[in-house]
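So you can see what is in the structure, the chains are spelled out below.
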Amino acid sequence: MSTAQATKNCITLKGSAQIIAEYLKYGINSILFQRGIYPAEDFDNTQQYGLTILMSKDPKIQTFLQNVLSQTEEWLSKNMINKISMVITNAHTKEVLECWDFKMQAELGDGENTDPTKLTTTKELARIQNEIRDVMRQISATVSYLPLLDCICTFDVMIHTLQNTELPAKWDETGAIIIQNAQAVQLRSFSTGLHKVDTVVNYKMSS
């Protein structure tokens, strides 16, 4: 019985990647709403992490995020990602106004298997979700100090992979993101036991 229980509470690299991809889905949608990138009527309420989170109803955005996050999940389960960036730009001038960085750091877990592809952790899901809830609350609170985005904006999501990662069809390499007169705020981190995730928002200071 104890063996079955231990297996039940075990999170694998694939499971860790799923937890993080889910966080990114809710986090990015929350940012889109909080920063007013799209009208409020384009969002629906949903419950996750014990919070009410606003999710986009736009099929194009849903499909875009699904494609990005499924690729993220695949690469993260193989520890091939070190950062995901959500970039908000002025739709007319293409100037980068904000960049939300989700930094990934591999951890060793606490399982007995030392094979890098078969690492596990016994960290409880409820504890991980509590940590994520704290980050989500901070994302919602950023609207109180981030500069107002008073222009039409667009967003993109970039995956920063390890070198020599083979890119899927229709994906392109991209250069560095530069924000003029930038300020950065570090939010809380959370850990699945196999990946530590730091969330940082970089934004252009109002002139």
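Residues numbered from 1 in each chain as written. Predicted model: local features only at pLDDT ≥ 70, side-chain atom pairs only at ≥ 80, totals over all residues. Heavy atoms only, no water.

### Section: the overall build of the protein
This is how the line gets drawn: Per the convention used, a helix needs a DSSP run of H or I reaching at least four residues, while a strand needs a run of E reaching at least two, with both numbered from the N terminus. Three exposure classes are used, based on accessible area relative to the maximum for each residue type with a 1.4 Å probe and protein chains only: buried under 20%, partly exposed in between, and exposed over 50%. In this analysis, two residues are considered to be in contact whenever any of their non-hydrogen atoms come within 4.5 Å of each other. Where accessible areas are quoted, they stem from the Shrake-Rupley method and a 1.4 Å probe; at the residue level, only the protein chains shown are allowed to cover.
Along its length, the protein carries 4 helices and 9 strands. Counting from the amino terminus, the protein carries its helices and strands in the arrangement α-β-α-β-β-α-β-β-β-α-β-β-β. Taken over 207 residues, the protein has a buried fraction of 42%. Once local pairs closer than 6 in sequence are excluded, the contacts in the protein between residues at least 24 apart make up 71%. Surface exposure of the protein reaches about 11,600 Å², of which carbon and sulfur atoms provide 48%.

### Examining the packing of helix H2 (residues 13–34) against helix H3 (residues 59–76)
Rules: Orientation is described by lines fitted to C-alpha atoms, with helices fitted over the stretch in contact, and by angles between N-to-C directions that extend from 0 to 180 degrees. Each angle gets one of four labels, with under 35 degrees taken as roughly parallel, over 145 as roughly antiparallel, 65 to 115 as roughly perpendicular, and the rest as oblique. Two helices cross in a left-handed way if the nearer one is turned anticlockwise from the farther one by less than a right angle. They cross in a right-handed way if the turn is clockwise. Three classes are used, and their members are as follows: Ala, Val, Leu, Ile, Met, Phe, Trp, Tyr, Cys and Pro are nonpolar, Asp, Glu, Lys and Arg are charged, and the others, Gly among them, are polar.
Following both chains from N to C, one finds H2 and H3 inclined at 150 degrees, their axes separated by 9 Å at the closest point. Between H2 and H3, the interaxial angle falls into the category roughly antiparallel. Seen along the crossing, H2 lies across H3 with a hand that is right-handed. Between H2, through Ala17, Gln18, Ile20, Ala21, Leu24, Lys25, Ile28, Asn29 and Leu32, and H3, the contact on the second element is made entirely by Ile61, Leu65, Leu69, Thr72, Glu73 and Leu76. A class-by-class count of the residues in the contact of H2 with H3 yields 10 nonpolar, 3 polar and 2 charged.

### A look at the confidence of the model for the protein
Note the following rule: The predictor rates its confidence in each residue with pLDDT, a number between 0 and 100.
Across the protein, the average pLDDT comes to 90, with 89% of residues at 70 or higher. For residues 1–7, every residue scores under 50 in pLDDT, and the model assigns this stretch 0 contacts once sequence neighbours within four places are set aside.

### Regarding the side chain of Asp198
The condition that has to hold: Polar contact is defined as a pair of N or O atoms within 3.5 Å, subject to the rule that within protein one atom must be able to donate a hydrogen and the other to accept it, and that residues adjacent in sequence are counted only when both atoms are side-chain atoms.
Looking at where Asp198 falls in the secondary structure, it is placed in strand E9 (residues 195–204). A polar side-chain atom of Asp198 sits 3.3 Å from a polar atom in the side chain of Gln186.

### Here's the deal with the nonpolar core
Just so we agree on the cut-off: The criterion is simple. A nonpolar core is a set of buried Ala, Val, Leu, Ile, Met, Phe, Trp, Tyr and Cys residues joined through side-chain atoms within 4.5 Å.
Tyr23, Trp100 and Phe102 are the most contacted members of the largest nonpolar core, which has 47 residues in total. Ranked by residue count, the leading element in this core is H2, at 9 residues. Those residues in contact with Trp100 that sit more than four places away from it in its chain are Ile31, Ile84, Ser85, Met86, Ile88, Ile139, Thr142, Leu146, Leu187, Thr199, Val200 and Val201. Counting residues in hydrophobic clusters, the runner-up holds 5 residues, among them Val87, Cys99, Met158 and Ile179.

### Thoughts on the pattern of salt bridges
Stated precisely, the cut-off is as follows: When a carboxyl oxygen of Asp or Glu lies within 4 Å of a side-chain nitrogen of Lys or Arg, that pair is called a salt bridge.
Under the criterion given, the structure shown has 9 salt bridges. In this structure, Asp44 and Lys57 form a salt bridge, with 4.0 Å as the shortest nitrogen-oxygen distance. In this pair, Asp44 is assigned in strand E2 (residues 43–48) and Lys57 in the loop between strand E3 (51–56) and H3, connecting sequence segments 13 residues apart. Residue Lys57 is classed as partly exposed on the basis of its relative accessible area, which comes to 40%. Residue Lys83 pairs with Asp101 through a salt bridge whose shortest N-O separation is 3.8 Å. Of the two residues, Lys83 sits in strand E4 (residues 81–90) while Asp101 sits in strand E5 (residues 96–106), which places them 18 residues apart along the sequence. Given the relative accessible area of 22%, Lys83 is considered partly exposed.

### Regarding the sheet that holds strand E8 (residues 182–191)
Cut-off, in case you're wondering: Here the rule is simple: two strands pair whenever DSSP picks up at least two bridges between them.
Within the open sheet, the 5 strands sit side by side as E7-E4-E5-E9-E8. Their pairing is antiparallel. Each edge of the open sheet is held by one strand with a lone partner, namely strand E7 (153–161) and E8. Across this sheet, the average inter-strand angle for adjacent strands is 15 degrees, counted without regard to direction. Pairing of E4 with E5 involves 7 bridges; the strand directions are antiparallel. The residue of E5 that forms the bridge with Thr89 is Val96. The strands touched by H2 within the sheet are E4, E5, E7, E8 and E9, with E5 carrying the most contacts at an inclination of about 165 degrees. The sheet strands contacting helix H4 (residues 125–141) are E5, E8 and E9, and the helix crosses E8 at an angle near 160 degrees.

### Some remarks on the packing of H2 against H4
Put simply, H2 and H4 touch, their axes get as near as 10 Å, and they point 20 degrees apart. One finds that H2 runs roughly parallel with respect to H4. Where H2 crosses over H4, the two elements pack in a sense that is right-handed. Taking contact as the criterion, the partners of Ile19, Glu22, Tyr23, Tyr26, Gly27, Ser30, Ile31 and Gln34 in H2 are, on H4, Leu125, Ile128, Gln129, Ile132, Val135, Met136, Ile139 and Ser140.

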